[in-house]
Amino acid sequence: MATPTDRLHGTDLTDPDTPGPRALRVIAGCGFLLLAACFVATVVLVLGDAIEGDGVAQGFVTAALWALVLGALTGVAALIAPRKGLVIAEYALAITAPVLALMD
């Protein structure tokens, strides 16, 4: 436990504004809703490209689907061991998938 003199000398390294483990788990759980929405958006974009485009899925589609899989695995890891970096990675991978599908 940090003493008042630790705070005075700047040795207290805890940030009072960081969310706790329970809040990180809730945010990671909400990330699965974002992953589901991004999955639907990715599938719609890929099918739209297949119908209107050349009909050939290139590497970006594969990368988009792998981003969704890795996002889900990162979300599970964030639920097990809540870390801020894991939650950020989950959301970043979810948003990356439709962007990669658009690049195809």
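To be clear, the structure that these remarks concern was listed above.
Residues numbered from 1 in each chain as written. Predicted model: local features only at pLDDT ≥ 70, side-chain atom pairs only at ≥ 80, totals over all residues. Heavy atoms only, no water.

## Digging into the packing of helix α3 (residues 59–80) against helix α4 (residues 84–102)
Relative placement of two packed helices is described by the angle separating their axes and the distance separating the axes. Rules: Note on geometry: axes are C-alpha line fits, over the in-contact stretch for helices, and angles between N-to-C directions span 0 to 180 degrees. Secondary structure elements follow DSSP: runs of H or I no shorter than four residues count as helices, runs of E no shorter than two count as strands, and numbering proceeds from the N terminus. For this classification, under 35 degrees means roughly parallel, over 145 means roughly antiparallel, 65 to 115 means roughly perpendicular, and everything else is oblique. Two helices that cross are described as forming a left-handed crossing if the nearer one is turned anticlockwise from the farther one by less than a right angle, and a right-handed crossing if clockwise. By the convention used here, residues are in contact when the closest approach between their heavy atoms is within 4.5 Å.
The N-to-C vectors of α3 and α4 enclose an angle of 160 degrees; their axes lie 8 Å apart at closest approach. Here α4 runs roughly antiparallel to α3, going by the angle between their axes. The element α3 and its partner α4 pack so that their crossing is left-handed. Where α3 approaches α4, its residues Phe60, Ala63, Ala64, Ala67, Leu68, Leu70, Gly71, Thr74, Gly75, Ala77 and Ala78 are matched on the opposing element by Leu86, Val87, Ala89, Glu90, Leu93, Ala97, Leu100 and Ala101.

## Quick look at the packing of helix α2 (residues 21–52) against α3
The following threshold applies: Classification convention: Asp, Glu, Lys, Arg as charged; Ala, Val, Leu, Ile, Met, Phe, Trp, Tyr, Cys, Pro as nonpolar; all other residues, Gly among them, as polar.
Between α2 and α3, the least distance of the axes is 9 Å, while the angle of their chain directions is 170 degrees. With respect to α3, the element α2 is oriented roughly antiparallel. For the element pair α2 and α3, the recorded crossing hand is left-handed. Across the interface between the two elements, Arg25, Ala28, Gly29, Phe32, Leu35, Cys38, Phe39, Thr42 and Val46 of α2 pack against Val61, Ala64, Leu65, Leu68, Gly71, Ala72, Gly75, Val76, Ala78, Leu79 and Ile80 of α3. Classifying every residue of the contact of α2 with α3 by side-chain character gives 15 nonpolar, four polar and one charged.

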